[in-house]
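What the coordinates show
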Amino acid sequence: MQLTLAEFSSRAIYDSGRSLSGRTVRLTGFVTRDDDGTWYVTRLLVACCAADATTSKVEIRGGQAPPVDAWVTVTGTWRPKGRLGTDAAWPPVLDAGSVRRIAEPADPYEKR
């Protein structure tokens, strides 16, 4: 199932029905990384235009981390983290089954 990062994050953090459990999902975005090497699939979310953009990110566990700023599609399964609805559940985590580099999409933004 293809989801936007915003859809995945919302369901991973707030969905008490655990609708992501056991489902394989695909997320697309660009690679960002923390100083400790943790890597993320990231997208910019816009309501009106790029000037109001905020970021959405999903931590990726497993899979070889591509270079920072590379665009990827990651397929994997949700790994529950923290208690639903709390800061401990953010950022959501995806256990990668595959990581595929792609060209930057024509529209790199997600709409809020």
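Heads up: the structure comes first, above all this text.
In short, a report on the structure. Just so it is clear, the model here is predicted, and its values are computed rather than measured.

Next up on the list: the overall build of the chain. In terms of regular secondary structure, the chain is built from 1 helix and 6 strands. The N-to-C order of helical and strand elements in the chain reads α-β-β-β-β-β-β. Projected onto its principal axes, the C-alpha coordinates of the chain cover approximately 35 × 35 × 30 Å. Classification of the 112 residues of the chain by burial places 38% in the buried group. Within the chain, contacts between residues at least 6 apart in sequence are counted, and of these 61% link residues at least 24 apart. A total of about 6000 Å² of accessible surface is found on the chain, and carbon and sulfur atoms cover 49% of it. Seen as two clouds, the 15 positive and the 13 negative side-chain charges of the chain have centres 6 Å apart.

Glancing now at the environment of Arg18. Locating Arg18 in the fold gives a position in the loop between helix 1 (5-14) and strand 1 (24-33). Distance in space between the C-alpha atoms of Arg18 and Pro80 is 9.1 Å, their sequence separation being 62 residues. Excluding its chain neighbours within four sequence positions, the residues that come into contact with Arg18 are Trp78, Pro80 and Leu84.

So, about unusual backbone geometry. Cis geometry is adopted by the peptide bond preceding Pro91, which originates at Trp90 and carries an omega value of -10°. Among the secondary structure elements, Pro91 is positioned in the loop between strand 4 (71-79) and strand 5 (93-102). You will see that Arg18, though not glycine, has its phi angle at about 55°, which is positive. Within the chain, Asp69 stands out as a residue other than glycine whose phi angle is a positive 75°. By secondary structure assignment, the location of Asp69 is in the loop between strand 3 (54-61) and strand 4. According to the relative accessible area criterion, Asp69 is exposed, its value standing at 54%.

Parameters at a glance
- Residues numbered from 1 in each chain as written.
- Predicted model: local features only at pLDDT ≥ 70, side-chain atom pairs only at ≥ 80, totals over all residues.
- Heavy atoms only, no water.
- Helix = DSSP H or I, 4+ residues; strand = E, 2+ residues; numbered from the N terminus.
- Buried < 20%, exposed > 50% of the residue type's maximum accessible area, 1.4 Å probe, protein only.
- Contact = heavy atoms within 4.5 Å.
- Areas by Shrake-Rupley, 256 points an atom, 1.4 Å probe, with all protein chains shown as cover.
- Lys, Arg positive; Asp, Glu negative; His and termini not counted.
- Charge placed at Lys NZ, Arg CZ, Asp CG, Glu CD.

Limitation: the analysis is restricted to geometry and does not speak to function.
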